[in-house]
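Notes for the structure review
Each chain, written out:
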Amino acid sequence: MRTRQVTLHVALTVGGLLMLFPFVWMLLTSFKGTHQMLNNPTDWLPSPFVGQNYGDVLSESTILPAYWNSFYIAVLNVVLTLLTSAMAAYAFARIKFRGSGALFVLFLATQMVPPQVTITALYIMLAKIGWVDSHMALIVPTIVNPFAVFLLRQFIRAVPVELEEAARLDGANRWTIFWRVVLPNIKPGLGAMGIIAFLAAWNSYFFPLIFLNTPELFTVPLLLATYAKQFGAIDYGLILAASSIAVVPTLIAFLIGQRKIINSMAASGLGGR
């Protein structure tokens, strides 16, 4: 048993270092000058360290607006996704009606349909209501999340029914029970799903690429993709510096939420069965 644990930890450590390598390389390379990147691309450390790349990025008038666009879109996406998913999860977990099981399975089956399949119909629908080239096209279609509903439903089913019955005897209606009893008892699930939703919204590239045309509305991933075209010849130092800045929120979210996500998965029954 001891040997197996040591082997497992060694394998996980090696795997973690391999996954960390691209981030370390990106960060170090962002401090290299153009001459070193082109003539000595295999050098591990910058020689000398060049901080001008970050100065050039921050001096660009497009990076801060793109950062703000990504941030507020991600926050709104998290809030609306948790709200709609929690209500749907509560309905599927506690409200019994004819066909609820089949409807839930059908709802989960939509998770298997890639967005590329439905993007044409979605684009036409959003164009008719005037949401193309606006942030509404990135927020509203993404707040219906089958995985979030499934995860929160698992947490709600773990909440003792007796708590809701006691609240009902005290005169609470279903809406009050949902807000005052159910939601406080599924905070770990809400926290984990919030982090997952934030990372998905922050890193989203496909939807902004399809729906946004105005540079002032660009998000960070879309802005990074346009840097090579904006500056003519590819300035790798500039792109890597911008990428290093863009990855900061995802690293913070990961460091804060990694244990919360793992514990939530285990508590919901997704991780150990």
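Along each chain, residues carry numbers from 1 onward, in the same order as the chain's sequence is written. The predicted origin of the model limits local features to residues at a pLDDT of at least 70 and limits the giving and counting of side-chain atom pairs to 80 or more, whereas totals for whole chains, interfaces and linings rest on all residues. As a rule here, side-chain values come from all non-hydrogen atoms in the structure, and water together with hydrogens is ignored.

Counted only if it meets this: UniProt positions are given in the numbering used here, feature names are shortened, and annotations may be inferred rather than shown by experiment.
The protein chain carries the name Carbohydrate ABC transporter permease in an unreviewed UniProt entry, which gives Nonomuraea typhae as its organism. What UniProt states about the protein chain under its Sequence similarities (unreviewed entry) heading is, verbatim, "Belongs to the binding-protein-dependent transport system permease family." Among the UniProt annotations of the protein chain, the heading Subcellular location (unreviewed entry) holds the following wording: "Cell membrane".

1. Brief notes about the overall build of the protein chain
The test is simple: By the criteria applied, helices consist of DSSP H or I runs no shorter than four residues and strands consist of E runs no shorter than two, each listed in order from the N terminus. Three labels apply to residues, based on accessible area from a 1.4 Å probe with only protein chains included: buried if under 20% of the type maximum, exposed if over 50%, partly exposed otherwise in between. Using the Shrake-Rupley algorithm and a 1.4 Å probe, accessible areas are obtained, with residue cover drawn only from the displayed protein chains.
Within the protein chain, the regular secondary structure consists of 15 helices and 0 strands. Here the protein chain holds 273 residues, and 36% of them are scored as buried. Element-wise, carbon and sulfur atoms account for 68% of the exposed surface of the protein chain, whose accessible area totals about 16200 Å².

2. Overview of the UniProt feature "transmembrane region" (unreviewed entry) in the protein chain
Those places that UniProt annotates as "transmembrane region" (unreviewed entry) correspond, in this numbering, to residues 7-28, 71-92, 104-126, 132-152, 190-211 and 231-256. With 100% helix and 0% strand, the stretch residues 71-92 has end C-alpha atoms that lie 31 Å from each other. The span residues 104-126 is 78% helix and 0% strand, and its two end C-alpha atoms sit 26 Å from each other.

3. Quick notes on the layout of surface pockets
Our working rule: Put plainly, a pocket is an open set of points on a 1 Å grid over the protein atoms alone with protein on both sides within 12 Å along at least five of seven lines, a cavity is a set where a 1.4 Å probe fits but cannot get out, and a lining residue has an atom within 4 Å of a point. Grid points are joined across faces, edges and corners, and a volume is the space filled by probe spheres set on the points. Here the term charged refers only to Asp, Glu, Lys and Arg, the term nonpolar to Ala, Val, Leu, Ile, Met, Phe, Trp, Tyr, Cys and Pro, and the term polar to all other amino acids, Gly among them.
In this structure, the largest pocket encloses a volume near 930 Å³. Along its surface, the largest pocket is lined by 31 residues, and Pro-115, Pro-141, Thr-142, Val-144 and Phe-207 are the ones closest to its centre. Mapped by element, the contributors of at least two residues to the lining of the largest pocket are α4 (63-94), α6 (115-128), α8 (146-158), α11 (187-202) and α12 (206-211). Per element, the largest residue contribution to the lining of the largest pocket is 6 residues, and it comes from α11. Residue composition of the lining of the largest pocket, grouped by class: 21 nonpolar, 10 polar and no charged.

4. A look at the packing of helix α9 (residues 161-169) against helix α10 (residues 174-185)
The condition is simple: Think of each axis as a best-fit line through the C-alpha atoms, taken over the contacting stretch in the case of a helix, with angles from 0 to 180 degrees between the N-to-C directions. For classification purposes, angles smaller than 35 degrees are called roughly parallel, those larger than 145 roughly antiparallel, those between 65 and 115 roughly perpendicular, and all remaining angles oblique. Left-handed describes a crossing whose near helix is turned anticlockwise from the far helix by less than a right angle; the clockwise case is right-handed. Note on contacts: a residue pair qualifies if any of its non-hydrogen atoms lie within 4.5 Å across the two residues.
For the pair α9 and α10, interaxial distance at closest approach is 10 Å and the crossing angle is 155°. On the basis of their axis angle, the class for α9 and α10 is roughly antiparallel. Once α9 is placed against α10, the crossing between them reads as right-handed. Contacts between α9 and α10 pair Leu-163, Glu-164, Ala-167 and Arg-168 from the former with Ile-177, Val-181, Val-182 and Asn-185 from the latter. Along the lines of polarity and charge, the residues of the contact of α9 with α10 split into 5 nonpolar, 1 polar and 2 charged.

5. Some words on the pattern of salt bridges
Quick note on the threshold: Salt bridges are defined by distance alone: a side-chain nitrogen of Lys or Arg within 4 Å of a carboxyl oxygen of Asp or Glu.
Counted under the stated rule, the structure contains 1 salt bridge. Between Arg-94 and Glu-164 there is a salt bridge; the shortest N-O distance is 2.5 Å. Taken as a pair, Arg-94 in helix α4 and Glu-164 in helix α9 lie far apart in primary sequence, 70 residues in all. Accessibility classification places Arg-94 together with Glu-164 in one group, the buried group.

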